[in-house]
Amino acid sequence: MSATVQIHINDNQGYAPDQISTHITLKAVLESIQDAIEEFGKDATVVLNNGQRYGASYGSFVRAYGNSLEITSAEQDEEEGL
């Protein structure tokens, strides 16, 4: 049976990408994921945890399709009005 791992997130921090004060690089994300794969295995599933005390604390990636994840530019989202 595969493990389920959680990624802690801080959501609702700003109205635009430039309002977020903490930035993490794709390299740092990749390194963290590689460490998690070593510890939990490559078939571990992922949930997101926003740490809220009230209401649902767990979620998933919005644009995940099966085993793939769509990653797009934040500037593109601004232009599209998302």
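See the structure printed just above.
These remarks concern the structure in this document. Keep in mind that what you see is a predicted model, and the values were worked out from it rather than measured.

Cut-offs and rules
- Residues numbered from 1 in each chain as written.
- Predicted model: local features only at pLDDT ≥ 70, side-chain atom pairs only at ≥ 80, totals over all residues.
- Heavy atoms only, no water.
- Pairing = 2+ DSSP bridges.
- Helix = DSSP H or I, 4+ residues; strand = E, 2+ residues; numbered from the N terminus.
- Right-handed = clockwise from strand over helix to strand, strands pointing away.
- Contact = heavy atoms within 4.5 Å.
- Expected span 1.5 Å × (residues − 1).

### Brief notes about the sheet that holds strand S3 (residues 58-59)
Now for step 1: The mixed open sheet is built from three strands, whose spatial order is S1-S2-S3. With partners counted over all chains shown, the strands left at the sheet margins are strand S1 (4-8) and S3, one partner each.

### Quick look at the pairing of S1
For a regular strand, side chains alternate in direction, first toward one face of the sheet and then toward the other.
Now for step 1: In terms of strand pairing, S1 meets strand S2 (residues 45-49) through five bridges, oriented parallel. Bridging across to S2, Thr 4 finds its partner in Thr 45.
Now for step 2: Taken together, S1, helix H1 (residues 26-40) and S2 form a β-α-β motif whose crossover is right-handed.

### Some remarks on the environment of Ala 44
Now for step 1: Relative to the helices and strands, Ala 44 resides in the loop between H1 and S2.
Now for step 2: Separated by 40 residues in sequence, Ala 44 and Thr 4 place their C-alpha atoms 5.3 Å apart.
Now for step 3: Not counting residues within four places of it along the chain, the set of residues in contact with Ala 44 comprises Ser 2, Ala 3 and Val 5.

### A word on H1
Now for step 1: Relative to the 21 Å expected for 15 residues at 1.5 Å per residue, H1 spans 20 Å between its end C-alpha atoms, a close match to the ideal helical length.
Now for step 2: Just downstream of H1 lies Gly 41, where phi reads positive at about 100 degrees.

### So, the side chain of Ser 57
Now for step 1: Examined against the element boundaries, Ser 57 turns out to sit in the loop between S2 and S3.
Now for step 2: Setting aside chain neighbours within four positions, we find Ser 57 in contact with Leu 48, Asn 49, Asn 50, Gly 51 and Gln 52.

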